[in-house]
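Summary of structural features
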Amino acid sequence: EAAVTQSPRNKVAVTGGKVTLSCNQTNNHNNMYWYRQDTGHGLRLIHYSYGAGSTEKGDIPDGYKASRPSQENFSLILELATPSQTSVYFCASGEGVSNERLFFGHGTKLSVL
Amino acid sequence: GDSVTQTEGPVTVSESESLIINCTYSATSIAYPNLFWYVRYPGEGLQLLLKVITAGQKGSSRGFEATYNKETTSFHLQKASVQESDSAVYYCALGASNTNKVVFGTGTRLQVLP
């Protein structure tokens, strides 16, 4: 079974600070994703990646950067965190070319004060 | 754009009762969407429950069923007799075979009473 691990599980940050959320997957999937979830919204795609060295903008990329230094790792970076970025963030990896199945991490709860 | 609308929760049912969670989709940029139900059990990560990639087909898993209806653009999740262990948050989602995007609904929290 594919495993996706996120760290940290919880994070409190100050407005204007830099935040890095990390994601590691152990099943050699090419595709990785960052979503955020807020009350009243579904999972919204922030950034995704097709493989090491690639990052693509999702539906709500503003205020976020992403980094994919290796097949296993995919980071989400908030250079200047704002309270509107308080949310739960989910990382996922894609099993097949058609993305028939995504494997998700447990989520990171971020609070920006 | 592409979107998914599902039953707003929470939904509360008693054990052994039947369940339906509605899901309708709009796939304006995806000609042949794949449809999914994901579930998040308490304390666990989001995981695939079932998927259907062909219109008219039915998917099933853990006693749940969903039929891909292209005419009504629906993919409702049903179970004849729920168990307390089915308490979870359920997400309907659509994706395309030619892109890497998956669009999720808002999720429906299900609570099954013993």
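Residues numbered from 1 in each chain as written. Chains lettered and ligands numbered in written order. Predicted model: local features only at pLDDT ≥ 70, side-chain atom pairs only at ≥ 80, totals over all residues. Heavy atoms only, no water.

As for the sheet that holds strand 8 (residues 64-67) of chain B
Residues and elements named next belong to chain B. Taken together, four strands build an open sheet; the order of strands is 3-9-8-7 and the sheet is antiparallel. Every other strand in the sheet has two partners, leaving strand 3 (19-21) and strand 7 (58-61) as the edge strands with one partner each. Taken over all neighbouring pairs, the strand axes of this sheet differ in orientation by 20° on average, direction set aside. Where strand 3 lies against strand 9 (residues 77-79), three bridges are found, and the strand directions are antiparallel. Across the sheet, the residue bridging to Leu-19 is Lys-79, located in strand 9. (Pairing = 2+ DSSP bridges. Helix = DSSP H or I, 4+ residues; strand = E, 2+ residues; numbered from the N terminus. Axes fitted to C-alpha atoms, helices over the stretch in contact; angles between N-to-C directions.)

Some details on the pattern of salt bridges
Enumeration according to the criterion identifies five salt bridges over all chains in this entry. The salt bridge partner of A:Asp38 is A:Arg36, with a shortest N-O separation of 2.9 Å. Considered together, A:Asp38 and A:Arg36 belong to a single accessibility category, that of buried residues. With a closest N to O distance of 3.7 Å, B:Glu65 and B:Lys58 form a salt bridge. Three or more residues joined by partner-sharing salt bridges are found here, namely A:Arg36, A:Asp38 and A:Arg44. (Salt bridge = Lys/Arg side-chain N within 4 Å of Asp/Glu carboxyl O. Buried < 20%, exposed > 50% of the residue type's maximum accessible area, 1.4 Å probe, protein only.)

A short note on the sheet that holds strand 1 (residues 4-7) of chain A
Residues and elements named next belong to chain A. An order of 1-3-8-7 is seen for the four strands of this open sheet, with the pairing classed as antiparallel. Strand pairing shows two members of the sheet lacking a second neighbour, strand 1 and strand 7 (65-67), which therefore form its edges. Direction aside, neighbouring strands of the sheet carry axes that sit 20° apart on average. Direction of pairing for strand 1 relative to strand 3 (residues 19-25): antiparallel, over a ladder of four bridges.

Re the environment of A:Asn10
All names here are of chain A. The topology assignment puts Asn-10 in strand 2 (residues 10-13). According to the relative accessible area criterion, Asn-10 is exposed, its value standing at 54%. The spatial distance from the C-alpha of Asn-10 to the C-alpha of Gly-107 is 8.6 Å, given a sequence separation of 97 residues.

Focus on the packing of aromatic side chains
One pass over the structure, following the stated rule, counts twelve aromatic pairs over all chains. Ring centres of A:Tyr35 and A:Phe104 lie 6.0 Å apart, and the angle between their planes is 45°; this geometry places the pair in the tilted category. Pair noted here: A:Tyr35 is in strand 4 (residues 31-37) and A:Phe104 is in strand 10 (residues 102-104), with a separation of 69 residues, a long-range link. The exposure classification of A:Tyr35 matches that of A:Phe104, with both residues buried. Taken together, the ring pairs in this structure connect A:Tyr33, A:Tyr35, A:Tyr48, A:Tyr50, A:Phe104, B:Phe36, B:Tyr38 and B:Phe104 into an aromatic cluster. (Phe/Tyr/Trp six-rings, centres within 6.5 Å; stacked < 30°, edge-to-face > 60°.)

Remarks on the interface of chain B and chain A
Taken together, the 21 residues of chain B in the interface contact 22 residues of chain A. Where chain B abuts chain A, roughly 1700 Å² becomes buried across the two surfaces, and 53% of that area is made up of carbon and sulfur atoms. Linking chain B to chain A there are zero salt bridges. Our count for the chain B to chain A interface comes out at four residue pairs in polar contact (both at pLDDT 80 or more). Secondary structure elements with two or more residues in the side of chain B that touches chain A: strand 5 (33-40), strand 6 (47-52), strand 10 (88-96) and strand 11 (102-104) of chain B. The leading source of residues in the side of chain B that touches chain A is strand 5 of chain B, at four residues. A per-class count over the side of chain B that touches chain A returns nine nonpolar, eight polar and four charged. (Contact = heavy atoms within 4.5 Å. Buried area = accessible area lost by both parts, 1.4 Å probe. Polar contact = N/O pair within 3.5 Å; in protein donor to acceptor, adjacent residues only side chain to side chain. Nonpolar A, V, L, I, M, F, W, Y, C, P; charged D, E, K, R; others polar.)

Observations regarding unusual backbone geometry
Among all residues except glycine, the phi angle is most often negative; among peptide bonds, the trans geometry is most common. The amide bond that connects A:Ser7 to the next residue, A:Pro8, takes the cis arrangement and shows omega of -10°. Note that A:Pro8 resides in the loop between strand 1 and strand 2. Cis geometry is found at the peptide bond from B:Gly9 to B:Pro10, where omega equals 0°. Within the element layout of this structure, B:Pro10 appears in the loop between strand 1 (3-6) and strand 2 (11-14). At B:Ser16, a residue that is not glycine, the phi angle is positive and equals roughly 80°. The residue B:Ser16 is located in the loop between strand 2 and strand 3 in this model. At B:Arg62, a position not held by glycine, the phi torsion is positive, near 55°. Tracing the backbone through its elements, the reader meets B:Arg62 in the loop between strand 7 and strand 8. B:Arg62 gets classed as partly exposed once you look at its relative accessible area, which sits at 46%.

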